[in-house]
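The lines below spell out each chain.
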Amino acid sequence: MNKLYKTGFLLLLSLIIVLTSPAGSASASATVITSSVQASFDLTAATADSTVRARLKSQFSELTALSAQYDSREVQIRTLHDQNAEALNAVRESIKNIDLASVTRQSAAVASAKERYQPLFDQYSALNKRISLLKGLKDKTLNSVLKAQSEAMKLLVQIARQEIRDKEALLKAAKDTRTRRMAAARKTLAGIDRPQSAIKSQKSAVSALNKRLTADWSDFKSAIRKQNPALAGQSLSSMVSGYRQIAAGKLKIIEYEQAVAGVIAATLKQTRS
């Protein structure tokens, strides 16, 4: 009774772990080696001759290790993916902010200069209109005084306009630099497209292998329930082969995620230089 209770408890615990895994059941290992599975396998292996038994145990041991490695690499992939997603958002925000402070400062300087000199421009315009209106009068003294005032003010207006042009030139240069740096950063960031595409391809291949693993695992459990060493061996061989292929695929995914991280880091460096 105690043994039955213990077995049931272990099965329930295994189910809870699978269902509550952060990566979700779709990304967890297809093989959940419970005490019940272990016991059935031991009984099946015991019915085989020594050579077959040794091979079965070796395969089962490798299956156990590969299953654990599967989950470990899945966690690593998920961690890298989440880190890259967060870093990608941050670097895109950094690109938007490239030289933004400089452009804002130069833009404010232009606006301030225009506002400061606008009264001078208004006075100069009003004076010239007055001179134009008084042209018909033959008051040479008044015309002479007004023209002198206009000439004096003209020099101040020219200086003011030149200052505004200089500040506008600085603003244009800042905007051009910002545009060029943003374009360069976005070009660098586009380097993530290739590894991201490769990640999708690898995940698709791993998904197909997982479906095969699920079927093989079902066959394996059926074989050990029937205590059929030959069928169990075939299933184990297929699963070990599948897990090896998945391990290689997941290793490539990790490498591609690391490549994405490298591109993001290079882009971020561009935004800060």
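Just above, that's the structure.
Quantities reported herein were computed from a predicted structural model and do not represent experimental measurements.

Cut-off values and rules
Residues numbered from 1 in each chain as written. Predicted model: local features only at pLDDT ≥ 70, side-chain atom pairs only at ≥ 80, totals over all residues. Heavy atoms only, no water. Helix = DSSP H or I, 4+ residues; strand = E, 2+ residues; numbered from the N terminus. Buried < 20%, exposed > 50% of the residue type's maximum accessible area, 1.4 Å probe, protein only. Contact = heavy atoms within 4.5 Å. Salt bridge = Lys/Arg side-chain N within 4 Å of Asp/Glu carboxyl O. Patch = residues over 30% accessible without salt bridge, like charges linked within 9 Å, V, L, I, M, F, W, Y side chains within 5 Å. Areas by Shrake-Rupley, 256 points an atom, 1.4 Å probe, with all protein chains shown as cover. Axes fitted to C-alpha atoms, helices over the stretch in contact; angles between N-to-C directions. Parallel < 35°, antiparallel > 145°, perpendicular 65-115°, else oblique. Left-handed = near helix turned anticlockwise from the far one by under 90°. Phe/Tyr/Trp six-rings, centres within 6.5 Å; stacked < 30°, edge-to-face > 60°. Expected span 1.5 Å × (residues − 1). Polar contact = N/O pair within 3.5 Å; in protein donor to acceptor, adjacent residues only side chain to side chain. Nonpolar A, V, L, I, M, F, W, Y, C, P; charged D, E, K, R; others polar. Core = buried A, V, L, I, M, F, W, Y, C linked by side-chain atoms within 4.5 Å.

Novice: Hey, could you go over the overall build of the protein for me, with residue numbers and the actual values?
Specialist: Scanning the protein from terminus to terminus reveals 7 helices and 0 strands. Element order for the protein, N to C, with α for helix and β for strand: α-α-α-α-α-α-α. In the protein, buried positions account for 32% of the 273 residues. Contacts spanning at least 24 positions in sequence make up 84% of the contacts within the protein whose residues lie at least 6 apart.

Novice: Requested: an account of the pattern of salt bridges, with residues and values cited.
Specialist: Applying the stated criterion across every chain, the model contains 8 salt bridges. Across the pair lysine 250 and glutamate 74 runs a salt bridge whose closest N-O atoms are separated by 2.2 Å. Here the residue lysine 250 occupies a position in helix 7 (residues 229–272), and glutamate 74 occupies one in helix 3 (residues 50–96), the gap between them amounting to 176 residues. The same class applies to lysine 250 and to glutamate 74, which are both buried. With its nearest N and O atoms 2.9 Å apart, the salt bridge here joins arginine 181 to aspartate 99. One end of the pair, arginine 181, is in helix 5 (residues 140–189); the other, aspartate 99, is in the loop between helix 3 and helix 4 (100–133), and 82 residues separate them in sequence. On the accessibility criterion, arginine 181 (19% relative accessible area) is buried. Assessed through its relative accessible area of 23%, aspartate 99 is described here as partly exposed.

Novice: With reference to specific residues and values, describe a nonpolar patch on the surface.
Specialist: Judged by side-chain polarity, Leu155, Leu156 and Ile159 come together as a nonpolar surface patch covering roughly 300 Å² of accessible area. Note that leucine 156 resides in helix 5.

Novice: Quick one: what's the story with the packing of helix 2 (residues 35–46) against helix 6 (residues 193–225), residue by residue and with numbers?
Specialist: At a closest axis distance of 9 Å, the pairing of helix 2 and helix 6 adopts a crossing angle of 60°. Accordingly, the angle class assigned to the pair helix 2 and helix 6 is oblique. Helix-helix and strand crossings are classified by hand; for helix 2 and helix 6 the assignment is left-handed. Across from Val37, Ser40, Phe41 and Thr44 in helix 2, the residues of helix 6 making contact are Trp217, Phe220, Lys221, Ala223 and Ile224.

Novice: Run through the packing of aromatic side chains, naming residues and quoting values.
Specialist: Each aromatic ring pair is summarised here by two numbers: the centre-to-centre distance and the angle between the ring planes. All chains considered together, the criterion is met by 5 aromatic pairs. Pairing phenylalanine 60 with phenylalanine 220 gives two aromatic rings, centres 6.1 Å apart and planes at 25°, and the pair type is stacked. Within this pair, whereas phenylalanine 60 is found in helix 3, its partner phenylalanine 220 is found in helix 6, the two being separated by 160 residues in sequence. We classify phenylalanine 60 as buried; its relative accessible area is 4%.

Novice: Quick one: what's the story with helix 7, residue by residue and with numbers?
Specialist: With 44 residues, helix 7 should cover 64 Å at 1.5 Å per step; its first-to-last C-alpha distance of 63 Å lies within 8% of that length. N-capping of helix 7 is provided by asparagine 228, with a side-chain oxygen placed 3.2 Å from the backbone N of alanine 230.

Novice: Outline the packing of helix 3 against helix 7, listing residues and values.
Specialist: When two helices pack together, their arrangement is given by the angle between the helix axes and the distance between those axes. Relative orientation of the contacting elements helix 3 and helix 7 amounts to 20°, with a least axis distance of 7 Å. Here helix 3 is positioned roughly parallel relative to helix 7, judged by the angle of their axes. The crossing of helix 3 and helix 7 is left-handed. Of the residues in the contact of helix 3 with helix 7, the class split is 28 nonpolar, 12 polar and 6 charged.

Novice: Please provide a residue-by-residue account of the nonpolar core, values included.
Specialist: Phe41, Leu63, Phe220 and Leu236 are the most contacted members of the largest nonpolar core, which has 39 residues in total. Residue assignment for this core shows that the elements contributing at least two residues are helix 2, helix 3, helix 5, helix 6 and helix 7. In this structure phenylalanine 220 touches Val37, Phe41, Phe60, Ala232, Ser235, Leu236 and Met239, once residues within four positions along its chain are discounted. Listed in part, the 9 residues of the second largest apolar core include Phe121, Tyr124, Val157 and Ala160.

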